[in-house]
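Working through the structure, step by step
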Amino acid sequence: MTIEVRPLGADAWHQAFTMMELSFGETWPQDAADVERARFEPDRSIGAFVGDTLAGHAAIYSFTMTVPGPRSLDVAGVSLVGVLPTHRRRGVLTALMRHQLHDLHESGREPVAVLTASEPAIYGRYGYGCATQWVYAEVNRAKRAMRPVPGSDEVTVRYADPEKSLDVCAGVRDAIVPTRPGYVRHNEPWRRGEIADPESERGGASALRCVLAERDGEVTGFAYYRSKANWEPGGPNGTTIVQRVHATDTASYAALWRFLTDQDLMSKTTHRRLSLDDPLLSWLRDPRAAMVTVRDGMWARLVDVRRALSERRYTTPLDVVLEVRDDLCPWNAGRWHLAGDGSGASCGRVDREPDLVLDVADLGAAYFGRPVLAALGAAGLVEERTPGSLAATSRAFTSEVLPLLDTPF
Ligand SMILES: CC(=O)SCCNC(=O)CCNC(=O)[C@H](O)C(C)(C)COP(=O)(O)OP(=O)(O)OC[C@H]1O[C@@H](n2cnc3c(N)ncnc32)[C@H](O)[C@@H]1OP(=O)(O)O
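Residues numbered from 1 in each chain as written. Predicted model: local features only at pLDDT ≥ 70, side-chain atom pairs only at ≥ 80, totals over all residues. Heavy atoms only, no water.

Parsing the protein into structural domains produces domain 1 (4–131), domain 2 (135–296) and domain 3 (305–358 + 375–397). On a C-alpha basis, the centroid separation for the pair domain 2 and domain 3 is 38 Å. (Domains from an automatic or database assignment.)

Shown next, in the form of structure tokens:
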């Protein structure tokens, strides 16, 4: 079977839409599709053709993301990947991934690609490593007592119109983006997507609510949430479903969470994308008040090892030779001298014996600051040739704050 991969161009959305519905086994409601389309970048969409049939598709969102430093880095957000059910397991996805990575490299655009996986077993073979986790937390209202947080009583919470408060919420969001690796700067289409609130996606819950946290008349935080009532014979058993909570200071963040976890008629509050080091989990007097489930979040792929490693900063001074294995992107394979610290970094080809040997997928996993390389080494995935180099490199790569992708795509 001959597969030809090429850009779809200005008409990409229309060409790919029906094929993607078949691929995902869904019918996409118009209101939800409109939100997706507003963020879609047709010039970054590629199709895999078998004869005249569009058999596969992959898209890229142009993101700016926080990486350890903190620094802002342009990353390629790979999404809308699908292959027609009639053409599966014959290499269409492989052709798309190869084309996309080679194209990114040749264009010199983003040195890192990221994605969220429908099924996590798919992307390791293309050099993606699991770089962040998502914590699904369900807080039981009856057990929600929180430790006191100084200053939180001075914060007021009030309702606001999501549309009218878009700019002020964007200001809070922009302020917190540098605080955690993996956070994405939201441009206009993504900001609007946050409050688009398509009815077809509410799953029986209320419309999106927006509340603002304020101190001395100044907005210090916001939350988007929905309520889902559930009247049972034993009493009301509703859920507060939190979509996003941000604040520029700890007290305001605590005030918002206090509000969100203490809603009459709602016996629990859920959040799908927390980090394991989120303050909420430290505030709960009874840690079991929050039932948590941890799963893979963002997968990261170093498209250009040299640029990617030079662009981030390192927690402790580092001077190491890495030997990287990368069959799919041969320009990455080989030995790299990486030197850096908190103020800068350089990475270049070298002929010396390596201190560490590893796959590009494991380097991608560790890139945003966790998992630590030492743990990957303990799992036998990083080979230490120079004693002590694994611990030193691991310390330098580690981010104190856990990385988190909090913008699903
Ligand atoms: C970033 C995102 O958008 S995530 C969304 C991904 N899309 C979906 O989940 C939609 C439904 N699924 C599909 O469209 C397709 O099955 C895809 C895209 C997952 C795979 O496409 P295919 O063209 O069948 O993949 P391809 O034939 O290139 O397979 C390559 C390899 O991946 C493996 N593979 C493919 N799909 C899966 C899977 N779901 N789980 C585990 N392994 C898989 C194949 O077995 C093959 O392995 P091999 O190299 O050892 O032989």
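It is worth spelling out the side chain of Asp197 at this point. Within the secondary structure layout, Asp197 lies in the loop between helix 5 (188–195) and strand 9 (209–215). Classification of Asp197 as buried rests on a relative accessible area of 13%. A polar side-chain atom of Asp197 sits 3.0 Å from a polar atom in the side chain of Arg202. Excluding residues that lie within four positions of it along the chain, Asp197 makes contacts with Arg202, Ala207, Leu208 and Arg226. (Helix = DSSP H or I, 4+ residues; strand = E, 2+ residues; numbered from the N terminus. Buried < 20%, exposed > 50% of the residue type's maximum accessible area, 1.4 Å probe, protein only. Polar contact = N/O pair within 3.5 Å; in protein donor to acceptor, adjacent residues only side chain to side chain. Contact = heavy atoms within 4.5 Å.)

A separate point is the site of the ligand. The environment of the ligand is made up of 24 residues, and the closest members are Val81, Arg89, Gly91, Ser118 and Glu119. At a separation of 2.8 Å, an oxygen atom of the ligand approaches a polar backbone atom of Val83. A distance of 3.1 Å is found between an oxygen atom of the ligand and a backbone nitrogen or oxygen belonging to Arg90. Contact with the protein chains removes 76% of the 960 Å² of surface that the ligand exposes when unbound. (Near = heavy atom within 4 Å. Areas by Shrake-Rupley, 256 points an atom, 1.4 Å probe, with all protein chains shown as cover.)

Now for the sheet that holds strand 4 (residues 71–83). Overall, mixed pairing links the 7 strands, which are arranged 1-2-3-4-5-16-6 in an open sheet. This sheet does not close on itself; its edge strands, each paired only once, are strand 1 (4–7) and strand 6 (129–130). Bridging between strand 4 and strand 5 (residues 112–115) involves 3 bridges; their strand directions are parallel. Bridge assignment links Ala76 to a residue of strand 5, and that residue is Ala113. The strands that helix 1 (residues 12–24) touches are strand 2 (46–50), strand 3 (53–67) and strand 4; relative to strand 4, the one it contacts most, it runs at about 70°. (Pairing = 2+ DSSP bridges. Axes fitted to C-alpha atoms, helices over the stretch in contact; angles between N-to-C directions.)

UniProt records the feature "domain: N-acetyltransferase" (unreviewed entry) for residues 3–150 in the present numbering. This span, residues 3–150, is 26% helix and 34% strand, and a straight line between its end C-alpha atoms measures 61 Å. (UniProt positions renumbered as here; feature names shortened; annotations may be inferred.)

In this section: the pattern of salt bridges. Opposite charge on two side chains makes pairing possible when the charged atoms of those side chains draw close. Summed over the entire model, instances satisfying the criterion amount to 26 salt bridges. Residues Asp406 and Arg244 are paired through a salt bridge, measuring 2.9 Å at the closest nitrogen-oxygen approach. With Asp406 in the segment after helix 11 (389–397) and Arg244 in strand 13 (residues 238–247), this residue pair connects regions lying 162 residues apart in the sequence. Of the two residues, Asp406 and Arg244, both sit in the buried class. It is possible to trace a salt-bridge network through shared partners that takes in Glu163, Asp174, Glu188, Arg191 and Arg192. (Salt bridge = Lys/Arg side-chain N within 4 Å of Asp/Glu carboxyl O.)

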